[in-house]
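Letter by letter, the chains look like this.
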Amino acid sequence: MGDREWVLLNPGPANTSKAVRQALVTPDLCHREPEFFEVMRECRERLVACAGGGDTLSAVLFTGSGTAAVEATVCSVVPRDRALLVVDNGVYGDRLVKIARAHSIPVEILKYDFTTPVAPRDVESALRAHPAISHVAVVHHETTTGLLNPVEDVADVAAGAGRRVLVDAMSSLFGEPLDVTREGIDFVMASANKCLQGVPGISFVLGRRAELAALGGRPPRSVYLDLHSHWITQEADNTPFTPAVQVLHAMREALIELEKESVAARIARYAENARTLRDGMARLGFEILVPSAARSNILTTFRLRPGVAYEPLHDAMKRRGYIIYAGQGDIRTYAFRVANMGTLTPADMERVVAAFAASLEELRAR
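Overview of the structure. All values derive from a computational prediction rather than experimental measurement. (Residues numbered from 1 in each chain as written. Predicted model: local features only at pLDDT ≥ 70, side-chain atom pairs only at ≥ 80, totals over all residues. Heavy atoms only, no water.)

1. Let's talk about the pairing of strand S10 (residues 202-208)
Successive residues of a regular strand alternate their side chains across the two faces of the sheet.
Here comes step 1: Judged by how many residues are buried, S10 sits mostly within the fold: seven of seven residues are covered.
Here comes step 2: Neither face of S10 is exposed, since Ile202, Phe204, Leu206 and Arg208 on one face and Ser203, Val205 and Gly207 on the opposite face are all buried.
Here comes step 3: Here strand S9 (residues 185-191) runs beside S10; their pairing, made up of five bridges, is antiparallel. The residue of S10 that forms the bridge with Met189 is Val205. (Buried < 20%, exposed > 50% of the residue type's maximum accessible area, 1.4 Å probe, protein only. Helix = DSSP H or I, 4+ residues; strand = E, 2+ residues; numbered from the N terminus. Pairing = 2+ DSSP bridges.)

2. Brief notes about the state of the cysteines
Here comes step 1: By the definition in use, this model includes zero disulfides.
Here comes step 2: Here Cys30 stays unpaired: no disulfide links it, and the sulfur of Cys43, its closest cysteine neighbor, is 17 Å away.
Here comes step 3: Sulfur of Cys50: no disulfide; nearest cysteine sulfur belongs to Cys43 and is 10 Å away.
Here comes step 4: For Cys50, a relative accessible area of 14% translates into the label buried. (Disulfide = S-S within 2.5 Å.)

3. Notes on the sheet that holds strand S11 (residues 299-303)
Here comes step 1: Strand order in the open sheet formed by three strands is S11-S14-S13, and the pairing between neighbours is antiparallel. A strand with exactly one partner marks an edge of an open sheet, and here the two such strands are S11 and strand S13 (325-326).
Here comes step 2: Inspection of the sheet shows S13 paired to strand S14 (residues 335-339) by two bridges, in the antiparallel sense. Each bridged residue has a counterpart across the sheet, and for Ala326 the counterpart in S14 is Phe336.
Here comes step 3: Against the sheet, helix H10 (residues 263-283) engages S11 and S14, with an angle of about 10 degrees to S11. (Contact = heavy atoms within 4.5 Å. Axes fitted to C-alpha atoms, helices over the stretch in contact; angles between N-to-C directions.)

4. So, helix H9 (residues 245-261)
Because the α-helix completes a turn every 3.6 residues, residues three or four places apart line up on one side.
Here comes step 1: Taking 1.5 Å per residue as the helical rise, H9 with its 17 residues ought to reach 24 Å, and the 25 Å between its terminal C-alpha atoms agrees with that figure.
Here comes step 2: By the burial criterion, the buried members of H9 are Val245, Val247, Leu248, His249, Ala250, Met251, Ala254, Leu255, Glu257 and Leu258.
Here comes step 3: Buried residues belonging to H9 abut helix H1 (18-23), helix H2 (34-51), strand S2 (57-63), S10 and H10.
Here comes step 4: Of the residues trailing H9, Ser262 is marked for its positive phi of about 85 degrees. (Expected span 1.5 Å × (residues − 1).)

Given below as structure tokens:
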């Protein structure tokens, strides 16, 4: 079982190419030698280029899961005498609130249910009511349900009110359209093991150079997660701590593959994956939890059919080589998630639907 190759339908880590996995098998290399700094610099430059950042943005790398980049941004960017507005319509919006509170950052919350995107007019009202707010934090793609928040509209409202936006694009960057240079957006956080199709271990922040430089001189709230110290050191081809050397080699290969495919083509492939999956699952009688206007093209939350529990369905799919994902919190009692990121194609998604059909037949026969 340990050598079996699984089709991963969870929202990251995603299936990767053979070349990305082989890039991990690199000769041992000291992280303070020029050969490594070349890899690190190349990853940072390719990230900005793939995101369409131009000369105004810079990338900052962290060895850690996506939450490391999110926490580094929140705890480094919000001034000590200001507050943060968080859009909370899922587990990861709630995590933003927890991060702010852990660092004693005053936080205001716009709370919605897990299937309702943020209304920009609510952001406008909250900013008007709370002048101490300096930044708005919003999750672009809430993998709690597959909900897509209108972050560009939020950025427009924030910019109009003289505030700035932090975007958690962990599971959407390079998989959904997102203008990272839009006025109002200062920082975008993501990781290597989602739509980039790399392996877990590296997260990163895309930030405006001017805003990164403006962090200099602030007393840090964290030692390891100080965004400015990582940026200024990486700009000098150095690193404040030991990074994941082999993982960065894999990330470089993933970026090269993204450039070859193009971001637009990857977004289109994911969209066709989602259409193929949803059409097939509808034929099997599954309903989608999130309204169509608010759905991403990366993940779908399906309601469980009457008489079908998640665990038996998961196990039946796993016997066929497919890993599906439970809902989070109370959602797990009535729904489950299927992602279609990674190296998967529409043909793969047709096989996924066929596996669901076979699994349902198996469960009925018991």
